[in-house]
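# Descriptive structure summary
Residues per chain are reported as follows:
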Amino acid sequence: MKIDVLGCGSAFSLNHTTSAIRIIDDQQSQWLIDCGPTVPRALWNRKVDINAIDVIFFTHIHPDHCAGLAVLLNHWKSFGRVKPLQIYCQPEQQTVLVNQIALANWPYTGLTFPIEILASQPTWRWRGWQIQTAFAQHEIPSQAIRIEADNHALFYSGDGRPTDATQALMAGSTLAFQECASWLPLAADASHGDYPACLALCEKLALNLMVLYHCQDADRPAIAQACALHPHLRLSDDGAMFDLARPNRLQTAW
């Protein structure tokens, strides 16, 4: 399983694509996790085939995680996608995505491919993947996700401060992506992660590799410097690629 970091940026980053990853398993099945406003451009720059992505999973529907959906679907329709698409999200947040699907082809109805919107569950199977979700501490309900496939486990936090439930999903993962908005400690009731808490969690769980993302632009230099001194922490960057068979080896281009 390979992970393509389409974007690692915070909501209003001037320098990075909004946070999203693409997952490609050994059978070339592909998921997109989140689709903020600048994510479609990252896909176009990679020349990802319009029929390549099977599923889009949304951790939550804040604009920096979902506002690119209408643009992406419009592009796929315009260039003749035919492959069915599945979208997973929380049932209470589906309306926002339904409206974006309608916008993608407004004022007409229907696209060139079918879309199935499904409710994310605490646990389910997709093809050969075992999937689990849990809620992080955020302004609105936001789901972390763990995917087990190809004999490896990927954890992706979505936005939010770690909870007991998300820590349980993270434990034992081959590769863990954790949102880390701030270099300085935040209040215990904050809705985002911070570097001191992420460092403590990485060491508590004895993780193989924790990748920090969604950092504020101003905090990235300090976080990067600290990660460079720690063997199990890394600062994410746009265009990074991880192979879960060799998670500690990083490529910066496809």
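Scroll up to find the structure.
Notes on the structure in this doc start here.

The rules behind each value
- Residues numbered from 1 in each chain as written.
- Predicted model: local features only at pLDDT ≥ 70, side-chain atom pairs only at ≥ 80, totals over all residues.
- Heavy atoms only, no water.
- Helix = DSSP H or I, 4+ residues; strand = E, 2+ residues; numbered from the N terminus.
- Rg over C-alpha atoms; globule rule 2.2 N^0.38 Å.
- Buried < 20%, exposed > 50% of the residue type's maximum accessible area, 1.4 Å probe, protein only.
- Contact = heavy atoms within 4.5 Å.
- Areas by Shrake-Rupley, 256 points an atom, 1.4 Å probe, with all protein chains shown as cover.
- Lys, Arg positive; Asp, Glu negative; His and termini not counted.
- Charge placed at Lys NZ, Arg CZ, Asp CG, Glu CD.
- Arc of directions from axis to C-beta.

This next bit is on the overall build of the chain. When you go through the chain residue by residue, the secondary structure sums to seven helices and 15 strands. The C-alpha radius of gyration of the chain comes to 17 Å, within 12% of the 18 Å expected for a compact globule of 254 residues. Seen through its principal axes, the chain has C-alpha atoms that stretch 50 × 35 × 35 Å. Across the 254 residues in the chain, those meeting the buried criterion constitute 55%. Put simply, of all contacts in the chain between residues at least 6 apart along the chain, 62% involve residues at least 24 apart. Per element, the accessible surface of the chain, about 10900 Å² overall, is 56% carbon and sulfur. Computed over 17 positive and 23 negative side-chain charges, the inter-centroid distance for the chain is 9 Å.

All of the buried residues along helix α6 (residues 195–205) are Y195, C198, L201 and C202. Projected down its long axis, α6 carries its buried residues within an arc of 125°, all on one side. Check the buried side of α6 and you find it contacts α5 (164–170), β11 (175–179), β12 (210–213), α7 (220–228) and β13 (233–235).

Counting through the fold element by element, P114 comes out in the loop between α4 (94–104) and β6 (115–119). For the pair P114 and Q94, spaced 20 residues apart in the sequence, the C-alpha separation amounts to 16 Å. The residues contacting P114, other than those within four sequence positions of it, are V82, K83, P84 and L85.

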